[in-house]
Amino acid sequence: MIVTKGWLEEFIDLSDITTEKLCQVFNSIGLEVDSLKEIKFPDKVVVGEVLRCEKHPEADRLNVCQVHIGNGDVKQIVCGAGNVVDARFVIVALEGAVLPEIDMTIEAVKLRGVDSFGMICATGELGLPKIEDGIAILDSSIGKLVAGKELNEYKTLCDSVIEIELTANRGDCLSVYGVARDLSAYFNRPLKSFEYKPKKFMVQGIARTLSVRSTGTFKNSKLLFNIIEVGNIKASFLTKFRVALIGKYVSDDLEVNLRCVIHSTGVILRAYDFDRLKRGGKRVSIELNSNNGEIVEVKSDGDTISYVGIYSNNFFLATQKSKKILLEASYTTPDAILKAVHRDSFDLDDFYYLTSRGTNSDLNIGFLALYKCCDQFSSCLYGELPIRIEGTFTKKVVNVDIKKLNSIIGMSVDRKRINSILNRLGFRTHGSNSQDVFGAVVPAWRHDIENVQDVAEEIMRVVGIDTIPPKPLSLIETNRLNPTIAKYRAVRDLRDRAIGRDFFEAITYIFSDKSKVKKYRFEMVEDELDVSNPIVDDLNTLRPTIVINLLEAVSKNVSYGKKKVSLFEVGAVFDREREEILKFSIVESGFSQESTILNRAKPQKVKFATFAQKLSAIVGEFEIKNSTPKESLFHPYQYGRVFVDGKDIGFIAKIHPKAEEYFDIGETFVAEMNLNDILPKHKNISTISNFQGVYKDLSLLIPKSSTYSSLSNALKSYKNSLMKHYFIIDLYEDSSLGDNRSVTIRFFLQSDDGTLSDGVIDESMQGILDYLQKSCGVKLR
Amino acid sequence: LENLKEKIINCSSLKDLERVRVEIFGKKGLLSQEFAKLKDIPPAEKREFAKSLNIKKTNLLEIFEERLNSLKEMELQKILESEKIDLSIYSSLRERGATHPVKEIMDKIIDYFVALNFSVEEGPMVEDDFHNFEALNLPKYHPARDMQDTFYLKDGMLLRTHTSPVQIRTMMSQKPPIRMIAPGAVFRRDYDLTHTPMFHQIEGLVVENGDVVGFASLKWILRDFLRYIFGDVEVRFRPSFFPFTEPSAEVDISCIFCEGEGCRVCSQTGWLEVLGCGVVDPNVFKAVGYRDVSGYAFGLGIERFAMLLHKIPDLRSLFGGDIRLLEQFR
């Protein structure tokens, strides 16, 4: 929403308020100032009076003008704009004027052999919005025109242009008038009264050529119709200038006047060509249908000419050439409009932006403002008695409890002040000043006000948030350390451990590229549960894994020249049923160390062993079982399921060489685990024996096709209370072993009751060996 | 014996000294030889002879000990010197990764509110219309509900556009008083220098029974919070509009780059907008079935905080696992 200080002053006296103060006030009452521009003209740019204008003897397109520039001084100026022949008062840049916009210093020149002492300017050449094709033609709307007077001295033009960013609820401030009303509450001063009586009325009453009929229940809307007989329509320079400032300038003068009035008053006006509506007949009959009680359809002779507030039929719209105009002002509650548009699809016109946020329901002001605007330089006759159609509106009354209101704000504001603010904002208040509760009738333009909290906001922004004293927390304390906090802290520790093992934390989108997910055969979210409006193609599905995103990150890092890429992410993935599952996903690619003095810049490449080692330092103890991946992203023979406490919680794998080639990355290892399963769990300890234990190693021959986990699995079901734990310490193969390899397992034996004798130790080890021979077919090496 | 003293002092190594010790103090050493003479000394002189010899021995031992210590010290010094290494080469070993700046700020914010006894709550990313919009006073036809901004799923669900639905879920599953924050990822269909389809928010909500809290409470806590995060800044509240709060405000801090003088980051205004807040709208309480309560809520974008605090120019750079950025937080 753009306003200017001068424009606001048509509605409220701001002569004692500086622009700086005005901006400060806007910010504090919730009308955020987006930008401020002070209009200034270069020096030596003055009003010129064109006395004579002749064709240039050598060039058809040029005109040689004699221009009075004050005190009887007449300069010859050659002008290229065609419209100079119609002009009397123009803007002249005199010799020595500097025009930064077109990077030019005005000098006396010869144009095709004719002397020219200055330049007649278009607004665009002065850094202002473009008005007219050609030079600017001034008129008295900007003030008394005096040849030679610097443009800088015209206060109407040297205005402060303030752009306000409005929040969605403040449709009432989408007009200069509405903004002025807010200022009137802030400054506690009245709005200027808005009265205007047209110069001339039509002789005939409008009912002789126009009939308006309405059918259906008619609520939420009101309309006002009138007829204008046009001699000619002209828009003043100031009107054009202001409409150009708000970015709405068009070359049709009727349209410029309408736009100016709509922006000024907030009343929605439409002008229809009466003769087009008449279609050769004598009269125009307008039918208003309100079938659903929400939107009014305006019809004429079977044709829809508009849906009030939403759409108008361009065919019937009037232009400055129209001889007779049907003028319509309308208002519909934004609620009705939003509901109707939500339900049925309408073609929407530019007014929808305004009407859906709420426009001015005081339609008469719109008419008066248009008469006033046109009457300046046009000759028009208006119908004396407009036709008014008004539906029923529910009057909104908010019960304001002052105690409640003050508690919402957290500060005490007295009833008198509350009353005066509300009245300035257009509320009518009931009840005496001594009562704690009173009723406030909400004005039609404040459809956003529904309850005492809405009223509290109005009071708060006018008295100023700054005046509210901050109130410290003082509440009944309860223990709020819930499981979410505990989990959050555990995850934070996990992240810190990963960081401590030289991994960088990444955050990637929870979306993935469907084609890649498919290509690598991940189980994806069911199509009917997936995103229906993805933003780009490579983020078009809810990811089933973080790994693909991390590999893409690796790929990018490699392309930036990174040789060691270690990343992890804690984030959500989605399964087939679109259940959200939190994962810890980690990737290590290229080197497993940075190039430093420690490795003389010959760092080790990532290996499964070192990757698993780091992983163990981060997530704690786990078991890996050799497995075959379903997804083609992983190396078929370096893929293991990860188990914690016997539960399958994820995988650890090398990336398939083909995928490494596709992502253009070196050898890469990944792991992804269910976050919830790797967070610390409650532990119960077993008794600690005070007796010495012994370590005993067994070297066993197992077939090459067999794995360590087949042995460890078997050992899990072996019962011997002395066997406390065991772990693999060596794996060996050579040709002498044939199809076998040797596995060395170290056992720790300990008794809770006494020191173990050699006999008992030997007996236990033999027992273990016998068991493994029987269950796994191993041989002692 | 006088030259024995010289001999000890002239020893230049522990080895020499050991040799001299044997020569002087050994079983067959010079002193033993002197003491052996005792048996040939007439008894009357014996006592005197023994006494002077003992004194000599004590003197020599003292000199020896002294020399021994100083030689030991010299030897150790040599060893130490030989062990000298250039420690400075072990600078920059880069053995550590780094926390993601967004998570770092999120952690910092959570720390603050947990210290003020707020609970941390969470909710699903896939939400329904009721929790994400309807219950937050955003009916279907509401203009603030921009359809273009929302990621919809084919079964009519959506990806939450803010963390506010967690407020609704928490209020519906708990009873007041409530004091909570909800950190998490949120999603909007937007992609440019300052917008990414996913980003993170922290939502705060306080609900008390009766007319207890209001805008003044909000002012206190947010001012304190922003000064905890940004240091000694000025905090400004501007009236604004959110469907789920009334009154609502946007909160600015004095620009941390130009200290309010006006610069490019703050668009010459001297202020940076950092969060939104307000007194909970009665329609929200109605939607969750609360009566006779008062409350306030606030919400902030964590990426915005991270960008301001770390001067990160492009929001998108936070989401690619780009180590060139991340390693700067090592």
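As the structure is a prediction and not an experimental result, all values here were calculated from the model.

K.L.:
Can you walk me through the overall build of chain B in this structure?
P.N.:
Scanning chain B from terminus to terminus reveals 11 helices and nine strands. For chain B, the C-alpha radius of gyration of 41 Å lies well beyond 20 Å, the compact-globule estimate for 330 residues. Expressed as lengths along the three principal axes of its C-alpha atoms, the size of chain B is roughly 130 × 45 × 45 Å. In chain B, which comprises 330 residues, the share counted as buried stands at 51%. Taking all contacts inside chain B whose residues are at least 6 apart in sequence as the whole, residues at least 24 apart take part in 67%. When the accessible area of chain B is evaluated, it comes to approximately 15700 Å², of which 51% is carbon and sulfur surface. In chain B, the 44 positive side-chain charges and the 50 negative ones have mean positions that sit 9 Å from each other.

K.L.:
What am I meant to see in helix 10 (residues 402-409) of chain A here?
P.N.:
One full turn of an α-helix is made of 3.6 residues, so residues set three or four places apart face in the same direction. Residues and elements named next belong to chain A. Of all eight residues in helix 10, six are buried, a share of seventy percent or more. All of the buried residues along helix 10 are Ile402, Leu405, Asn406, Ser407, Ile408 and Ile409. Two or three places before Lys403, at the opening of helix 10, Asp401 has a side-chain oxygen 2.9 Å from that residue's backbone nitrogen. One or two residues past the end of helix 10 sits Gly410, with phi positive at roughly 90°.

K.L.:
In this structure, what is going on with the interface of chain A and chain B? I would like to understand it.
P.N.:
It is common to report an interface's size as the accessible area lost on association of the parts. Each partner contributes residues to the interface: chain A has 93 residues there, and chain B has 91 residues. In total, chain A and chain B occlude about 8200 Å² of area from one another, counting both sides; carbon and sulfur atoms represent 59% of this. The interface formed by chain A and chain B contains 11 salt bridges. We note a salt bridge from Arg330(B) to Glu594(A), for which the minimum N-O separation is 3.8 Å.

K.L.:
Would you take a moment to explain the side chain of Ser264(A) for this structure?
P.N.:
Residues and elements named next belong to chain A. Looking at the element boundaries, Ser264 is found in helix 5 (residues 253-265). Residue Ser264 is classed as buried on the basis of its relative accessible area, which comes to 7%. Setting aside residues up to four positions removed in sequence, Ser264 forms contacts with Trp7, Glu10, Phe11, Ser175, Val176 and Tyr177.

K.L.:
Help me out: how do you make sense of the pairing of strand 13 (residues 160-165) of chain A in this one?
P.N.:
Sheet faces and side chains relate simply in a regular strand, where the side chains alternate between the two faces. Residues and elements named next belong to chain A. Relative to strand 13, strand 1 (residues 2-4) runs antiparallel, the two sharing three bridges. Bridging from a neighbouring strand, Val3 pairs with Ile162 of strand 13. Note: strand 2 (residues 32-38) against strand 13, six bridges, orientation antiparallel. Residue pairing for strand 13: Ser35 is matched across the bridge by Glu163.

K.L.:
How should I be thinking about the sheet that holds strand 1 of chain A in this particular structure?
P.N.:
The pairing of strands in a sheet happens through backbone hydrogen bonds and is either parallel or antiparallel. All names here are of chain A. Taking strand neighbours across the sheet as the criterion, the three strands line up as 1-13-2 in an open arrangement whose pairing is antiparallel. Both edges of this open sheet fall to strand 1 and strand 2, since each of them pairs with a single strand only. Across the sheet, the mean angle separating the axes of adjacent strands is 25° when strand polarity is ignored. Set on the sheet, helix 2 (residues 19-28) makes contact with strand 1, strand 2 and strand 13; between it and strand 2 the angle comes to about 165°.

K.L.:
Sorry, what's going on with the packing of helix 2 of chain A against helix 3 (residues 176-187) of chain A here?
P.N.:
Helix packing geometry: the angle between the two helix axes and the distance between the axes. All names here are of chain A. Between helix 2 and helix 3, whose axes approach to 11 Å, the crossing angle comes to 95°. Comparing the axis directions of helix 2 and helix 3 gives the class roughly perpendicular. For the pair helix 2 and helix 3, contact is made by Lys21, Leu22, Val25, Phe26 and Ser28 and by Val179, Leu183, Tyr186 and Phe187, respectively. Looking at side-chain class alone, the contact of helix 2 with helix 3 contains seven nonpolar, one polar and one charged residues.

K.L.:
Please explain the confidence of the model for chain B as it appears in this structure.
P.N.:
Predicted coordinates in regions of low pLDDT should not be interpreted in detail. Here chain B averages 91 in pLDDT, and 98% of its residues register 70 or above. Across the whole predicted complex the pTM is 0.78, and at the interface the ipTM reaches 0.81.

K.L.:
Please explain the environment of Arg242(A) as it appears in this structure.
P.N.:
Residue and element names in this part refer to chain A. Positionally, Arg242 belongs in helix 4 (residues 237-245). Distance from Arg242 to Gly693, taken between C-alpha atoms, is 95 Å for residues 451 residues apart in sequence. Leave out the neighbours within four places in its chain, and Arg242 touches Thr4, Gly6, Trp7, Glu10 and Asp159. At a separation of 2.7 Å, a polar atom in the side chain of Arg242 contacts the side chain of Glu10.

K.L.:
For this particular structure, what's the right way to read a nonpolar patch on the surface?
P.N.:
Where nonpolar side chains cluster on the molecular surface, the patch consists of Ile597(A), Leu598(A), Ile85(B), Leu87(B), Ile89(B) and Tyr90(B) and spans about 570 Å² of accessible area. Locating Ile89(B) in the fold gives a position in the loop between helix 4 (43-82) and helix 5 (101-115). Judged by relative accessible area, which is 35%, Ile89(B) ranks as partly exposed.

The rules behind these values
- Residues numbered from 1 in each chain as written.
- Chains lettered and ligands numbered in written order.
- Predicted model: local features only at pLDDT ≥ 70, side-chain atom pairs only at ≥ 80, totals over all residues.
- Heavy atoms only, no water.
- Helix = DSSP H or I, 4+ residues; strand = E, 2+ residues; numbered from the N terminus.
- Rg over C-alpha atoms; globule rule 2.2 N^0.38 Å.
- Buried < 20%, exposed > 50% of the residue type's maximum accessible area, 1.4 Å probe, protein only.
- Contact = heavy atoms within 4.5 Å.
- Areas by Shrake-Rupley, 256 points an atom, 1.4 Å probe, with all protein chains shown as cover.
- Lys, Arg positive; Asp, Glu negative; His and termini not counted.
- Charge placed at Lys NZ, Arg CZ, Asp CG, Glu CD.
- Polar contact = N/O pair within 3.5 Å; in protein donor to acceptor, adjacent residues only side chain to side chain.
- Buried area = accessible area lost by both parts, 1.4 Å probe.
- Salt bridge = Lys/Arg side-chain N within 4 Å of Asp/Glu carboxyl O.
- Pairing = 2+ DSSP bridges.
- Axes fitted to C-alpha atoms, helices over the stretch in contact; angles between N-to-C directions.
- Parallel < 35°, antiparallel > 145°, perpendicular 65-115°, else oblique.
- Nonpolar A, V, L, I, M, F, W, Y, C, P; charged D, E, K, R; others polar.
- pLDDT = per-residue confidence, 0-100.
- Patch = residues over 30% accessible without salt bridge, like charges linked within 9 Å, V, L, I, M, F, W, Y side chains within 5 Å.

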